[in-house]
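Understanding the architecture of this molecule
What follows is the residue order along each chain.
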Amino acid sequence: MPKISDFPYSDAQVLDLAKQFPTPFHLYHEETIRKTVRGLNEAFSWCPGYKNHFAVKATPNPHIMQVLKEEGCGADCSSMAELVLSERMGLKGEDIMFTSNNTPLKEYQKAKELGAIVNLDDISHIDFLHGDGLPELVSFRYNPGPSRTGNVLIGDPKEAKFGTTSEQLLEGYRRCKELGVKRFGLHAMVVSNCLKVEELLETARMLFNLVLIMKDQLGITIELVNLGGGFGIPYRPDEKVIDVQAVGSGIHQIYKDMIQAKGLQVRIVTECGRYITGPAGLLISRVTHRKKIYKNYVGLDACMANLMRPGMYNAYHHITIVPNGEQVPGLPDRNQEMPDNSKDLISKTGIYDVVGGLCENNDKFAVDRALNADPRPGDVAVIHDSGAHGHSMGFNYNGKPRSAEYLYRCDGSVLRIRRAETLEDIFSTVDFAAAQTLNSVQNGSSIPNGKTNGY
């Protein structure tokens, strides 16, 4: 996995890409994705049947899914759309794990139709699902509550809406056994974007201990343990890449001490998403404006609709300014003299807020950030580590169309893997003619033949 300093593109390449393709756009590096998956597979090569079920919600694009499938990944799904995407990519059976919450029956039915591993979030779903038929393999999501701590991304476990308590877990397995279920799995997702090896090892200890408890108290053999995702990436320049080999070897030792020592065998899987595609993705945007009032603002053509994380979580994403040196048509004069705001400035000179154009004050990619260059209109702003939970969390506030996605192939070619949305896309779900007819009804007219035009 690369660090920010291991930027895979030259400045000239960045400027050329920004000329070729309308900004903003997301760009993914195929070689980085493949290398990261291979490293993860190597770390768990000691475990027969190991598979990473890629968290589809991180980067739900079929071209990315194809790359991951070629590298041996399955899919971790949490919605109907993710199940259908996985199905269309040729994944089926236990290559798919369905971990959802507040789940509609039709989504459970789809998961069962595909033969997916169904991971129940709540024991009340046992009877809810039993009426339609329980799947062959049932897994439960465990929430350790106050015995573990989470983080800002996933929350404090005792405050989190996900999973079952330990007592509920026992009851859930007992009830499923009574109903004839023969195969069982176990899952937990306690931390997110974790860079500490020991915290990930502790999740393994916790789950392996539950495997032993279920065997001793219920006579149930847990055949599958999903350690969750949570493997972190170094968003900040001073953060270190997690040693995934140390994670794998550490879990192997715990497995030998706790599972093999009892004569048991458990298949290990993970559901890493961010760890795989996060560092492989960049949001390429262009500086459009500068503003100097109480703070120094740098305006981009990207906005929170393209990358929600900084505005939603106050998450850090590193930003590199690539100076263009040329005037870009349609943008302000890059050499325009800006007003002197030194008397009003509440932040230091050379410190910027990097913002988008939404009518929303938290539409910010960075607050009080020192940048590598003084940004000017036409320069390219590269927002790092946007390859997971970037485009997928996009939205259309203010009618902003979501951006295109491109894949930088291993051979150096660039493939568009999703076109940018248009205003026509945004308006396609509404009926302007019906709205105008509705207005005429309010003015005394009537809708002919009782037609409602979809309303």
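An account of the accompanying structure is given in this report. From a predicted model like this one, the values you see are computed outputs, not experimental measurements.

What to know about the overall build of the protein
- Helix and strand counts for the protein stand at 13 helices and 17 strands.
- By the compact-globule yardstick of 23 Å for 455 residues, the protein fits well, its C-alpha radius of gyration being 25 Å.
- Oriented by its inertia axes, the alpha-carbon framework of the protein measures out at about 75 × 70 × 45 Å.
- Here the protein holds 455 residues, and 51% of them are scored as buried.
- Within the structure as shown, the protein displays about 20,700 Å² of accessible surface, and the carbon and sulfur contribution to it stands at 49%.
- Taken together, the 50 basic and 54 acidic charged side chains of the protein have centroids lying 1 Å from each other.

Thoughts on the pattern of salt bridges
- As enumerated under the stated definition, the model contains 29 salt bridges in all.
- With a shortest N-O distance of 3.6 Å, D95 and K51 are connected by a salt bridge. On the criterion of sequence distance, the pair formed by D95 in the loop between α4 (80–88) and β4 (96–99) and K51 in strand β2 (residues 51–55) is long-range, its members being 44 residues apart.
- For R183, the salt bridge goes to E136, with nearest N and O atoms at 3.3 Å. A residue pair is termed long-range when its members are at least 10 positions apart, and R183 in strand β7 (residues 183–187) and E136 in the loop between α6 (124–130) and β6 (137–141) qualify at 47 residues.
- A relative accessible area of 18% means that R183 is categorised as buried.
- By relative accessible area, which is 56% here, E136 ends up exposed.
- In this structure, a network of salt bridges that share partners links the residues E30, R34, R38, E70, E71 and R409.

With respect to the side chain of K51
- For K51, a relative accessible area of 18% translates into the label buried.
- Beyond its immediate chain neighbours, meaning those up to four positions away, K51 contacts G72, C73, G74, D95, I268, V269 and T270.

Quick notes on the state of the cysteines
- Throughout the structure, instances matching the rule amount to zero disulfides.
- Of all cysteine sulfurs, the one in C272 lies closest to C73, which takes part in no disulfide; the gap is 9.0 Å.
- C77 takes part in no disulfide bond, and the closest cysteine sulfur, belonging to C73, lies 13 Å away.
- Residue classification places C77 among the buried residues on the basis of a relative accessible area of 0%.

Observations regarding the sheet that holds β6
- Read once around its circumference, the closed barrel built from eight strands follows the order β2-β3-β4-β5-β6-β7-β8-β9, with strand pairing classed as parallel. Shown here is a sheet whose adjacent strand axes are inclined to one another by a mean of 25°, direction ignored.
- Pairing of β4 with strand β5 (residues 117–120) involves three bridges; the strand directions are parallel. If you follow T99 over to β5, its bridge partner there is N119.
- Running at roughly 160° to strand β8 (residues 222–226), helix α8 (residues 197–218) makes contact with β7, β8 and β9 (267–270) of the sheet.

Comments concerning the pairing of β8
- With four of its five residues buried, β8 lies for the most part within the structure.
- The pairing of β7 with β8 spans four bridges and is classified as parallel. Across the sheet, residue F184 finds its bridge partner in β8, namely I222.
- Crossover β7 to β8 through α8 is right-handed.
- Where β8 and β9 come together, three bridges link them in parallel fashion. Bridged to V225 within β9 is I268.

Overview of the packing of aromatic side chains
- For the structure on display, the rule yields 14 aromatic pairs.
- For the pair F21 and F25, a centre-to-centre distance of 5.9 Å together with 80° between the ring planes defines the contact as edge-to-face.
- For F21, a relative accessible area of 13% translates into the label buried.
- Here F140 and Y173 contribute two aromatic rings whose centre-to-centre distance is 4.9 Å and whose plane-to-plane angle is 80°, an arrangement assigned as edge-to-face. Here the residue F140 occupies a position in strand β6, and Y173 occupies one in helix α7 (residues 166–178), the gap between them amounting to 33 residues.
- When its relative accessible area of 0% is taken as the criterion, F140 is described as buried.

Thoughts on helix α9 (residues 244–258)
- Helix length check: α9, at 15 residues, gives a terminal C-alpha distance of 21 Å against a target of 21 Å (1.5 Å per residue), a fit within 8%.
- Buried within α9 are the following residues: V244, V247, G248, G250, I251, I254, Y255 and M258. Seen from one end, α9 has its buried residues packed into an arc of 165°, which puts them on one side.
- Buried residues belonging to α9 abut α2 (30–43), α8, β9 and α10 (274–277).
- Sitting at the head of α9, D243 places a side-chain oxygen 3.2 Å from the backbone nitrogen of Q245.

About the cut-offs
Residues numbered from 1 in each chain as written. Predicted model: local features only at pLDDT ≥ 70, side-chain atom pairs only at ≥ 80, totals over all residues. Heavy atoms only, no water. Helix = DSSP H or I, 4+ residues; strand = E, 2+ residues; numbered from the N terminus. Rg over C-alpha atoms; globule rule 2.2 N^0.38 Å. Buried < 20%, exposed > 50% of the residue type's maximum accessible area, 1.4 Å probe, protein only. Areas by Shrake-Rupley, 256 points an atom, 1.4 Å probe, with all protein chains shown as cover. Lys, Arg positive; Asp, Glu negative; His and termini not counted. Charge placed at Lys NZ, Arg CZ, Asp CG, Glu CD. Salt bridge = Lys/Arg side-chain N within 4 Å of Asp/Glu carboxyl O. Contact = heavy atoms within 4.5 Å. Disulfide = S-S within 2.5 Å. Pairing = 2+ DSSP bridges. Axes fitted to C-alpha atoms, helices over the stretch in contact; angles between N-to-C directions. Right-handed = clockwise from strand over helix to strand, strands pointing away. Phe/Tyr/Trp six-rings, centres within 6.5 Å; stacked < 30°, edge-to-face > 60°. Expected span 1.5 Å × (residues − 1). Arc of directions from axis to C-beta. Polar contact = N/O pair within 3.5 Å; in protein donor to acceptor, adjacent residues only side chain to side chain.

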